[in-house]
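Breakdown of the fold
Here is what each chain is made of, one letter per residue.
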Amino acid sequence: MAAEEIPYGRRTQHAPAVKEVHIVWITAGLSCDGDSVAVTGASQPSIEDVLLGAIPGLPKVHLHNPVLAYEVGEDFMQYYYKAERGELDPFVLVVEGSIPNEEIKREGYWAALGTDPATGQPITTSEWISRLAPKAFAVVGIGTCATYGGIHAMAGNPTGCMGLADYLGWNWRSRAGIPIVNVPGCPVQPDNFMETVLYLLYQAAGLAPMIPLDDQLRPKWLFGSTVHEGCDRAGYYEQGDFANEYGSPKCIVKLGCWGPVVNCNVPKRGWMAGIGGCPNVGGICIGCTMPGFPDKFMPFMDEPPGARASTGASAVYGRVIRSLRSITNATVNKEPKWRRRGTELTTGYRPRTY
Ligand code: SF4
Ligand code: SF4
């Protein structure tokens, strides 16, 4: 095409700072692959959007996730060896599942991925993280197991497992200077994860500043508010109107909801395409995004200990407020009296020109 035929608007297009980015995803932590499955439900953006380059100006993305890959066995494993040799540069390392403590036993392994050709022994998951993390552009923990240990790291577990920051160190930085990025949730909310990946792609492209993280290494824009702050049942809470059994549309704090002290955006965002969630649709929040999950929240179906004082106060205040509001509600439920048929106009209109 001759130069003059190139549309003028192409001037808005700029090549990203890097042309291609690989996402090397380890699902071989102690996990159920629930996060890999969850992200297939994302739509803002979807995995397909990212892989097909729906957003212009970003690097081309190659995803290496065993749940979604075409390749199997050794063909699939090649990507991990290539990443280790520096042949997939840059790459984002995604870790799914808790990282077991392989140091507490003399033989065997808790979790592994691939076989070391030299020894014929499995390569442990923690070994892969130690090999790949120093070479990654960024390291991302997907789900509460990878971020903080999660359900597998609960009291009494035999593996001594932990989250990424417990394994690599909370002050760890990638070679691009990026801290570990934690996207907790059990499983992760689909769009929360894909938005975070998208942010890192913008960063790799040179189009965004350092990803903003809180002191638990969570993206601030996703985890800066509590469940309660985004729950559409909070109106019932404020009016001291609490459910005593499941199935009620009212606030379910007395049934075990931990929403007021949990950082998560699921009730506000919904699960997929704004549909679903937890307390907003009748399921108690069990704090599945939190570093203290699950031990600090069990038994799940008991009223949280701190809830009694605040619900007691709101029950007293709420009863008065509710009755005052019901009077006003009855008033505003009636139409103004001038809306009627008749030969006389009673709206108060006073013509000035006729
Ligand atoms: S259901 Fe839970 S999150 Fe929602 S208003 Fe009640 S306590 Fe808060
Ligand atoms: S609302 Fe509570 S239970 Fe639901 S995803 Fe968020 S932290 Fe987990």
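By the naming in an unreviewed UniProt entry, the chain goes by Ni,Fe-hydrogenase I small subunit and is assigned to Pyrinomonas methylaliphatogenes. Entered under Subcellular location (unreviewed entry) in the UniProt record, the comment concerning the chain runs "Cell envelope". Reading the Cofactor (unreviewed entry) entry of the UniProt record for the chain gives the comment "[4Fe-4S] cluster".

A short note on the site of ligand 2
With respect to spatial proximity, the complete set of residues near ligand 2 consists of Val227, Val262, Cys264, Val266, Cys278, Pro279, Cys285, Ile286, Gly287, Cys288 and Thr289. Residues that form the shell around ligand 2 fall into these classes: 9 nonpolar, 2 polar and no charged.

Re the UniProt feature "domain: NADH:ubiquinone oxidoreductase-like 20kDa subunit" (unreviewed entry) in the chain
Per the UniProt record, the feature "domain: NADH:ubiquinone oxidoreductase-like 20kDa subunit" (unreviewed entry) sits at residues 32-200. Secondary structure over residues 32-200 splits into 31% helix and 15% strand, and the C-alpha atoms at its two ends are 25 Å apart.

Structural notes on the pattern of salt bridges
On inspection of all chains with the given rule, the structure shows 13 salt bridges. In this structure, Arg131 and Glu127 form a salt bridge, with 2.9 Å as the shortest nitrogen-oxygen distance. One end of the pair, Arg131, and the other, Glu127, are both in helix H4 (residues 125-132), 4 residues apart, so they sit about a helical turn from each other. Notably, a salt bridge pairs Asp241 with Arg322, separated by 3.8 Å at the nearest N-O pair.

A word on the side chain of Glu303
Examined against the element boundaries, Glu303 turns out to sit in the loop between helix H10 (266-269) and helix H11 (307-332). The contact partners of Glu303, leaving out residues within four places of it in the chain, are Val253, Lys254, Gly256, Arg308 and Thr311.

Here we look at the pairing of strand S4 (residues 112-115)
Examined bridge by bridge, S4 and strand S5 (residues 122-124) share 2 bridges and lie antiparallel to one another. If you follow Thr115 over to S5, its bridge partner there is Pro122. Where S4 folds back on S5, the antiparallel hairpin that results is connected by 6 residues, among which Gly120 adopts a positive phi of roughly 75°.

Considering the site of ligand 1
Surveying the vicinity of ligand 1 reveals 13 residues, the closest of which are His228, Cys231, Ala234, Cys251 and Cys257. Split by residue class, the shell around ligand 1 holds 10 nonpolar, 2 polar and 1 charged.

Reading the values: the criteria
- The numbering scheme is per chain: residues are counted from 1 as the chain's sequence reads.
- Numbering of ligands from 1 and lettering of chains from A proceed in the order in which they are written.
- With pLDDT at 70 or above as the cut-off, local features in this predicted model cover only qualifying residues; side-chain atom pairs require 80 or more to be listed or tallied, and sums for whole chains, interfaces and linings still use all residues.
- Neither water nor hydrogens contribute to the side-chain values; these are computed over all heavy atoms in the structure.
- UniProt positions are given in the numbering used here, feature names are shortened, and annotations may be inferred rather than shown by experiment.
- Residue proximity to a molecule or strand is established when one non-hydrogen atom of the residue lies within 4 Å of it.
- In this classification, the charged set is Asp, Glu, Lys and Arg, the nonpolar set is Ala, Val, Leu, Ile, Met, Phe, Trp, Tyr, Cys and Pro, and all remaining amino acids, among them Gly, are polar.
- Strands here mean DSSP runs of E at least two residues long; helices mean DSSP runs of H or I at least four residues long; both are numbered from the N terminus.
- In what follows, salt bridge is the name for a side-chain nitrogen of Lys or Arg lying within 4 Å of a carboxyl oxygen of Asp or Glu.
- By definition, residues are in contact when any of their heavy atoms lie within 4.5 Å.
- Two strands form a pair only when DSSP identifies at least two bridges running between them.

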